[in-house]
Amino acid sequence: MNKQQKRTVIRQLLVPVIIIIAALLYQPLRGVLSPDPSVDTMVTDGSKLEVSYIDVGQGDATLVSKGEFHMLIDAGKNEKGDMVVKYLRDAGVDKLDILVGTHPDSDHIGGLDCVIDNIAVDTLYMPESKKDTKTYKDVLTSMEKKKLSASMPEIGKEYTYDGNVLVRFLSPAKKYSDANDNSLVVQLAYGKNRFLFMGDAEEKVEKDILSAGYDLECDVLKLGHHGSYTATSLDFLRKADPVYGVISCGRDNSYGHPHAETLSRLEDEDVQIYRTDQMGTVKAVSDGKNVTLSTRS
């Protein structure tokens, strides 16, 4: 029995217990992402939610799609912009409900200007952290051309899309000195399934998220900072308890990502590892109850 099957059995056993306790306590739920994930918190509609961790080399770009809802988190380096736009168009995406630039590093927002130039965007979220670089200025120029402004999401608030897709930003709740730590950390829920996208957030941020008391259990964790040893601390990993861990990094990159320490932690915690440098684009598909992963070189 694998980790996902064990989790399903535990959830099935816990449901009647939780219902009885809730009935006795008469306490209202504080939010859909707050209660125990063993309870169906939103009714699914039979359609699939797809999360594509796009192989952009040493960088990040993730497309979330369900029905007419589309969210893109980062767009890789400058030279990957056209490729990301092609991926979106091939996937039938002509409008993004949400575009997220997690933080101003070039391997995350480099292709953002190309996306803004070519794909309609409803809402653009970026942290208040800025960089005096050509890459960042190119994004600002594209925003001006499209009369698009960036906003900071309300940390901890649940946003609902397409009726039953929930998005919540867990960080940054304060300003950090390091650009990586100012990454927008995204939590996604569909039915019982949960996804976490860590940007380049490192251990300091993980500790703050843990202290905030969020329910972090997830089916798929997109590891912070491309699998660096400076992120995915053991305490955070155990709290998230993912079935799958996805690492977005480039083949033979100069940083040595993912680091051996991180891979060892994942293996010790029985997390199935998917790496874009070895497997190409990784796609997770959720029906609201189960998640399956596949790869495409």
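Residues numbered from 1 in each chain as written. Predicted model: local features only at pLDDT ≥ 70, side-chain atom pairs only at ≥ 80, totals over all residues. Heavy atoms only, no water.

Focus on the overall build of the protein chain
Now for step 1: A count of helices and strands for the protein chain gives nine helices and 15 strands.
Now for step 2: Considering only contacts in the protein chain between residues 6 or more positions apart, those separated by 24 or more positions represent 67%. (Helix = DSSP H or I, 4+ residues; strand = E, 2+ residues; numbered from the N terminus. Contact = heavy atoms within 4.5 Å.)

A closer look at the nonpolar core
Now for step 1: Among the nonpolar cores identified, the biggest contains 30 residues, and Met71, Leu188 and Phe195 are the most heavily contacted of them.
Now for step 2: Leu99, Cys114, Val115 and Leu148 belong to the second largest nonpolar core, which has 26 residues in total. (Core = buried A, V, L, I, M, F, W, Y, C linked by side-chain atoms within 4.5 Å. Buried < 20%, exposed > 50% of the residue type's maximum accessible area, 1.4 Å probe, protein only.)

Topic: the pattern of salt bridges
Now for step 1: Enumeration according to the criterion identifies 14 salt bridges in this entry.
Now for step 2: Here Lys66 makes a salt bridge to Asp45, at a shortest N to O gap of 3.0 Å. Here Lys66 is found in strand β2 (residues 62-66), whereas its partner Asp45 is found in the loop between α1 (3-25) and β1 (49-53), with 21 residues between them in sequence.
Now for step 3: Lys66 sits in the buried class, given a relative accessible area of 1%.
Now for step 4: Linked through salt bridges whose partners overlap, the residues forming this network are Asp45, Lys66 and Asp162. (Salt bridge = Lys/Arg side-chain N within 4 Å of Asp/Glu carboxyl O.)

Examining the packing of aromatic side chains
Now for step 1: Overall, the coordinates contain six aromatic pairs when judged by the stated rule.
Now for step 2: With a centroid separation of 6.3 Å and 85 degrees between ring planes, the pair formed by Tyr159 and Phe169 is classed as edge-to-face. In this pair, Tyr159 sits in strand β7 (residues 158-161) while Phe169 sits in strand β8 (residues 165-171), placing the two residues 10 residues apart along the sequence. By the burial criterion, Tyr159 is buried, and Phe169 matches it. (Phe/Tyr/Trp six-rings, centres within 6.5 Å; stacked < 30°, edge-to-face > 60°.)

Brief notes about the pairing of strand β12 (residues 244-247)
Now for step 1: Alternating positions in β12 separate into two faces, Tyr244 and Val246 on one and Gly245 and Ile247 on the other, with burial throughout.
Now for step 2: Relative to β12, strand β11 (residues 220-222) runs parallel, the two being bridged by three bridges. Bridge pairing in β12 links Val220 to Tyr244.
Now for step 3: In the classification by handedness, the crossover that spans β11, the intervening helix α7 (residues 234-240) and the parallel β12 is right-handed.
Now for step 4: Alignment of β12 against strand β13 (residues 272-275), held across four bridges, turns out to be parallel. Within β13, the position partnered with Ile247 by the bridge is Arg275.
Now for step 5: Handedness of the β-α-β unit built from β12, helix α8 (residues 260-268) and β13 comes out right-handed. (Pairing = 2+ DSSP bridges. Right-handed = clockwise from strand over helix to strand, strands pointing away.)

As for the sheet that holds β8
Now for step 1: Taken in spatial order, the seven strands line up as β7-β8-β9-β10-β11-β12-β13 in an open sheet, and their pairing is mixed. Both edges of this open sheet fall to β7 and β13, since each of them pairs with a single strand only. Across the sheet, the mean angle separating the axes of adjacent strands is 20 degrees when strand polarity is ignored.
Now for step 2: Across four bridges, β7 lies against β8 in antiparallel orientation. Across the sheet, Tyr161 pairs through a bridge with Val165, a residue of β8. (Axes fitted to C-alpha atoms, helices over the stretch in contact; angles between N-to-C directions.)

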